[in-house]
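Here is how the chains run, residue by residue.
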Amino acid sequence: RVALNRNNQWRSRLQILMLVAKDYYAKGDLLVRLAGSNDAAVVEAVASRLRFGDDRGDDETVRKALIRNPHAPELFLRQVAYGGTKDQEMIDLAIRHPNFPESMLMGFAEGTDQQRIMAAASSRNPKVVAAVAANEHAPLEALSYVAAHGGAEAREALLVNKSTPPELLLRLIEKNPGG
């Protein structure tokens, strides 16, 4: 009976947290604390109340707390990456987040947008990094980053990419003379 009562109290507390998180008028430190919750449902509720382009004063702080939460919902991360902010650090954090969809990362890696290519290069996803290395539209900065931090598959893709500059090719060969 005590365990049942505790379970009901926990459910009731969770319901209250979710109602507060969704409340249009909830602000400030409370939302930042809820955005850092270990409960995915609460984090989802906080994220769902944010509307990009309809800033309520403290939304940027709440977004920063959400983006650092391992439970940040995929939809929120997509919104950040696709123009929800001009803050490049926030975009990079969204793209490197473990919940960010790999299919979108691949689209960035294979695309022509220089900032998104660079963000994909730093994603830590080996398939995505190799796609950046193979992209003829990738900026020198992204190719250099991949050369320094990418795995064997990425380095091989750099060697066959027609856009890889000779000095970067030379660095790759010197780094791996037996390869």
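Our subject is the structure listed above.
Just so you know, the residues in each chain are numbered from 1, in the order the chain's sequence is written. Where totals are concerned, whole chains, interfaces and linings use all residues; where local detail is concerned, this predicted model gives features only for residues with pLDDT of at least 70, and gives and counts side-chain atom pairs only at 80 or more. Note: side-chain values were computed over all heavy atoms of the structure, leaving out hydrogens and water.

A. Looking closely at the side chain of Asn161. Comment: elements are numbered from the N terminus, with helices defined as DSSP H or I runs of at least four residues and strands as E runs of at least two. Residue position: Asn161 is located in the loop between α11 (152–160) and α12 (166–175). Only protein chains enter the accessibility calculation, which uses a 1.4 Å probe. A residue is then buried if its area is under 20% of the maximum for its type, exposed if over 50%, and partly exposed in between. Relative accessible area serves as the criterion here: at 6%, Asn161 is assigned to the buried category. By definition, residues are in contact when any of their heavy atoms lie within 4.5 Å. Excluding residues within four positions of it along the chain, Asn161 makes contact with Ala133, Ala134, Asn135, Glu136 and Leu143.

B. Molecular detail of the packing of aromatic side chains. Two rings from Phe, Tyr or Trp (for Trp, the six-membered ring) form a pair when their centres sit within 6.5 Å of each other. Planes less than 30 degrees apart are called stacked, planes more than 60 degrees apart edge-to-face, and all others tilted. Using the criterion set out here, one finds one aromatic pair in the structure. Between Phe100 and Phe108, the ring centres sit 6.0 Å apart and the planes meet at 35°, which makes this aromatic pair tilted. Assessed through its relative accessible area of 5%, Phe100 is described here as buried.

C. Just unusual backbone geometry, in detail. Positive phi is not limited to glycine here, since Arg124 has a value of about 75°. Taking relative accessible area as the criterion, Arg124 reaches 68% and is therefore assigned exposed.

D. Structural detail: the environment of Asn176. With respect to the helices, strands and loops of the structure, Asn176 is situated in the segment after α12. Given the relative accessible area of 40%, Asn176 is considered partly exposed. Sequence separation between Asn176 and Arg155 is 21 residues; the distance between their C-alpha atoms is 9.8 Å.

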